[in-house]
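As a plain string of letters, each chain reads:
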Amino acid sequence: MSGRLPRLVCTAAVAAGTVLAPLPAAAVPEPQAPGQRPVAELLTDLRTMYRDAEQATETYNATAEKLKKQRAEVDRLDSALARARLTLHDSRGAAGRLAREQYQNSTAISPYVRLLLARDPQHALDEGHVIGQLARERAETVGRLVGSEKKSDGLARAARKALDGQLTLAARQKKDRDDVRKRLDDIEKLLTSLTPDQLTALAAFEKTDVDKAQQKLVTSGALGEDDNREPSREGDRALRYAVQQIGKPYEWGAEGPKTYDCSGLTSEAWGHAGTPIPRTSEEQWAQLPRVPLKELRPGDLVIYFPKATHVAMYLGDGKIVQAPRTGEKVQVLPIATYPILGAVRPDQAH
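Below you will find a few notes about this structure. (Residues numbered from 1 in each chain as written. Predicted model: local features only at pLDDT ≥ 70, side-chain atom pairs only at ≥ 80, totals over all residues. Heavy atoms only, no water.)

## Points about the packing of aromatic side chains
Stated precisely, the cut-off is as follows: Pairs were defined over the aromatic rings of Phe, Tyr and Trp, the Trp ring being its six-membered one, requiring ring centres within 6.5 Å. Orientation was assigned from the angle between planes: stacked under 30 degrees, edge-to-face over 60, tilted for the rest. A helix here means a DSSP run of H or I that spans at least four residues, while a strand means a run of E at least two residues long, and both kinds are numbered starting from the N terminus. Throughout, exposure labels follow a simple rule: accessible area from a 1.4 Å probe, protein chains only, divided by the maximum for the residue type, with under 20% read as buried, over 50% as exposed, and the rest as partly exposed.
With the rule as written, the count across this model stands at 2 aromatic pairs. Considering the side-chain rings of F305 and Y338, the 5.5 Å spacing of their centres and the 45° angle between planes classify their relative orientation as tilted. Taken as a pair, F305 in the loop between strand 2 (301–304) and strand 3 (310–316) and Y338 in the loop between strand 5 (331–334) and strand 6 (340–344) lie far apart in primary sequence, 33 residues in all. Grouping residues by exposure puts F305 and Y338 together as buried. Taken together, the ring pairs connect Y304, F305 and Y338 into an aromatic cluster.

## What about the sheet that holds strand 6?
Sheet strands line up and pair through hydrogen bonds in the backbone, either parallel or antiparallel. To keep things clear, this is the line we draw: A pair of strands counts as paired when DSSP detects no fewer than two bridges linking them. When checking whether two residues touch, look at their non-hydrogen atoms; a contact exists if any pair is within 4.5 Å. Lines fitted to C-alpha atoms define the axes, with helix axes restricted to the stretch in contact, and inter-axis angles between N-to-C directions lie between 0 and 180 degrees.
The strand order across the open sheet built from 6 strands is 1-6-2-3-4-5, with neighbouring strands paired in antiparallel fashion. The open sheet has two edge strands, strand 1 (290–291) and strand 5, and neither has a second partner. Bridge analysis of strand 4 (residues 319–322) against strand 5 gives 4 bridges, and the strand direction is antiparallel. Bridging across to strand 5, K319 finds its partner in P334. Contacts from helix 6 (residues 233–244) reach strand 3 and strand 4, with the element oriented near 105° to strand 3.

## Things to note about helix 5 (residues 196–220)
For clarity, the threshold we go by: Helix span, expected: 1.5 Å multiplied by one less than the number of residues in the helix.
Taking 1.5 Å per residue, 25 residues should reach 36 Å; helix 5 reaches 36 Å between its end C-alpha atoms and fits that length. After helix 5 finishes, the residue G221 shows a positive phi value of roughly 80°.

## Digging into the pairing of strand 2
Side chains L301 and I303 project from strand 2 onto one buried face, and the interleaved V302 and Y304 project onto a second face that is buried too. Strand direction decides the pairing type here: strand 2 and strand 3, joined by 4 bridges, are antiparallel. Paired with Y304 across the strands is H310, a residue of strand 3. Adjacent in sequence and paired antiparallel, strand 2 and strand 3 are bridged by 5 residues, among which F305 carries a positive phi angle near 70°. When strand 2 meets strand 6, the two strands line up antiparallel, connected through 4 bridges. Opposite L301, over in strand 6, you have V344 as the bridge partner.

## So, the nonpolar core
Put simply, the rule is: For our purposes a nonpolar core is just a set of buried Ala, Val, Leu, Ile, Met, Phe, Trp, Tyr and Cys residues, chained together by side-chain atoms within 4.5 Å.
The biggest cluster of nonpolar side chains holds 42 residues, and the ones touching the most others in it are L202, W270, L301, M313, V321 and V330. Within the residue set of this core, elements represented by two or more residues are helix 2 (39–104), helix 4 (121–192), helix 6, helix 7 (262–272), strand 2 and strand 3. In terms of residue count, helix 2 provides more of this core than any other element does, 8 residues in total. Non-local contacts of M313, meaning those with residues more than four positions away in its chain, are made with A238, L239, A242, T266, A269, W270, G299, D300, L301, K319, I320 and V321. Of all hydrophobic cores here, the second largest spans 16 residues; its members include L293, L296, V302 and Y338.

## Details of the pattern of salt bridges
Close approach of charged atoms lets side chains of opposite charge pair. Basically, it comes down to this: In what follows, salt bridge is the name for a side-chain nitrogen of Lys or Arg lying within 4 Å of a carboxyl oxygen of Asp or Glu.
For the coordinates displayed, the defined rule picks out 12 salt bridges. Between R240 and D236 there is a salt bridge, with the nearest N and O atoms lying 3.0 Å from each other. Here R240 and its partner D236 are both found in helix 6, 4 residues apart, which amounts to about one turn of the helix. For R240, a relative accessible area of 21% translates into the label partly exposed. Connected through salt bridges with shared partners, the residues E206, R325 and E328 form a single ionic network.

Here's what the structure looks like:
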């Protein structure tokens, strides 16, 4: 990793306060008071609740993206339907004129009889050619009317279907939002039920757990021997953007510039680097090229949990920059903070 990035991280950390300051050293948990739950059990429950809340958040984000696209489709179909109706209006006007002309000429002698009775057959043939041309133009007018009616009807049906889809997605988005809020309320209730001593012990226990996971990952060689790879040009820009957000609060469903959730940070960072990527961590995992952890380079995305419900950006030296969870800020943490599913490289697809 180039020397520029560590300096950038340090500068951002100073500006954000104590984001990068290490947590207090973990102590051995003291015996629990009667009626109190063990710290390990509390941590397991809290992690499960945070994970469920983040999964609900990513579901909400995915629905929001679908709703955004569906609204654009409704707008497109509405515009196309308006144009089709104008064309249909013109076609009906032309058909009306044609009907009036046919009515006015209904007593006229047929072109065949006119040819038999004509003194100048050539003139009659020429006149017949004109009549044939008019007949073709009339047929084309009728054809345009029929085509305009079919197109208008088809667009009207598509517009109604798209609008129904938009309403369905809007209802689903409300349900997803309510689900997130309920899960966050559950987390808040659990945290407010704990004593200050329990909260301190919980933070210390979690740090110890993360330190052990990080040590195990590093000593296993999973990150490879050479962990000083240079980022790509796009990766460098994306990483710089992410680092500049250090200290900003986590907020579910947020894409910046003041607050972020985990995938909001990574998608915005790569978008600013000129490489748009999917909005949610699930889609980032599903659609972007995967890379082995041994080949990680700064700017790559690290995906967490079996259902790909969390994402962070690799900083180098076994560290990530991420928007962790509700109540915390964008910060630098060990790569093993959560169970790793894998990694993806956004610019490898281009």
